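The residues making up each chain are set out below.
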Amino acid sequence: MPTESDQLLATFLDEADENLAALESGLLSVNDGAADAEVLNAVFRAAHSIKGGSGLFGFDAITRLTHALEQLLDLIRKGQLPVTRDRIDLLFRAVDGLNVLFAATRGGGAPRAPDELIAALNAAAGAGPAAAPLSPRTGGPESGTFRVTFVPGPLLLTDGPDPLLLLRNLAKRGTVRSVAVDTRRVPEIDALDPAQSYLEWVVVLDTQQPRSELEQVFAFVDAGSSLEITACDAHPAAASGAAGDGSRCAAPQALLDYEAALGQLLNWVTTHLPAALAELEGT
């Protein structure tokens, strides 16, 4: 019987076929000189969806190639680079490369990333060879228990991977002890931009994998985001309040207060809702 993970993978592969078809048809439109902003945005969204899903399932070769393709597409759709035959041909080569990688993945293989093609895409976009602009602050042992603090940049929701996909991918690297979200940066409703991320995520997990695997989860996050990976003590700080590394693995007090208040609210609703519904039914 297929597991939930198998079903999610099957869904992603089906959607990848649709997104690859959308990429190709959109680029054909651009190649014919009939592209407009809506077409370019649709092509970009298709590439963005492939990158996000491939990152979730650990298909690093697909993620790397799609990231390079997406960078070039983004500059074209924003008008920062003109549409030229050479650039469109290069994007078509990237789509062909993705089809090859997906075919190998469906066959159970672990294909290698086409480094020369990725380098060509990066060069066309004016990007350097490095794939990961985010520089995490790290230190300490290479495995054990870590607190991962991730603050998405303001453009992550529009130009980067889905933060929830990143967290799910991180969870695959070990055993999650806790996940907390800090909402203190969320503004009042009249100042809120729905396309901007205001949340800060804190994940504590045990892992036997090297620290580099945790960093790789966030490899394609924009430089406006911040990432801090800190090691936790095997024995938390003493009750005297001494500040040891173990205290880094406790949720911030603001989050603890929020979770406690939420728990009280849920308990109140659970206790009073049945009676309130019964009273409404009797009227």
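Residues numbered from 1 in each chain as written. Predicted model: local features only at pLDDT ≥ 70, side-chain atom pairs only at ≥ 80, totals over all residues. Heavy atoms only, no water.

1. Focus: the overall build of the protein chain
Phase 1 of the analysis: Summing up its helical and strand segments, the protein chain has nine helices and four strands in all.
Phase 2 of the analysis: Secondary structure elements in the protein chain, listed N-terminal to C-terminal, are α-α-α-α-α-β-α-α-β-β-α-β-α.
Phase 3 of the analysis: The buried share of the protein chain, taken over its 283 residues, is 37%.
Phase 4 of the analysis: Once local pairs closer than 6 in sequence are excluded, the contacts in the protein chain between residues at least 24 apart make up 77%. (Helix = DSSP H or I, 4+ residues; strand = E, 2+ residues; numbered from the N terminus. Buried < 20%, exposed > 50% of the residue type's maximum accessible area, 1.4 Å probe, protein only. Contact = heavy atoms within 4.5 Å.)

2. Regarding empty space enclosed by the protein
Phase 1 of the analysis: Across all of its chains, the model carries one cavity of 30 Å³ or more by this definition.
Phase 2 of the analysis: The computed volume of the largest cavity comes to approximately 170 Å³.
Phase 3 of the analysis: As for the largest cavity, its lining consists of 15 residues, of which G55, T63, L166, N169 and V217 are closest to the centre.
Phase 4 of the analysis: Broken down by secondary-structure element, the contributors of at least two residues to the lining of the largest cavity are helix 2 (37-56), helix 3 (60-77), helix 7 (163-171) and helix 8 (211-217).
Phase 5 of the analysis: By residue number, the principal contributor to the lining of the largest cavity is helix 2, which donates four residues.
Phase 6 of the analysis: Here the lining of the largest cavity is built from residues that sort into six nonpolar, five polar and four charged. (1 Å grid on protein atoms, 1.4 Å probe; cavity = no way out; pocket = protein on both sides within 12 Å on 5 of 7 lines; lining within 4 Å. Points joined across faces, edges and corners; volume = space filled by probe spheres on them. Nonpolar A, V, L, I, M, F, W, Y, C, P; charged D, E, K, R; others polar.)

3. Here's the deal with the confidence of the model for the protein chain
Phase 1 of the analysis: Per-residue confidence for the protein chain averages 78 on the pLDDT scale, and 73% of its residues sit at or above 70.
Phase 2 of the analysis: With pLDDT under 50 throughout, residues 234-247 is counted as low confidence; its partners more than four residues away or in other chains account for nine contacts. (pLDDT = per-residue confidence, 0-100.)

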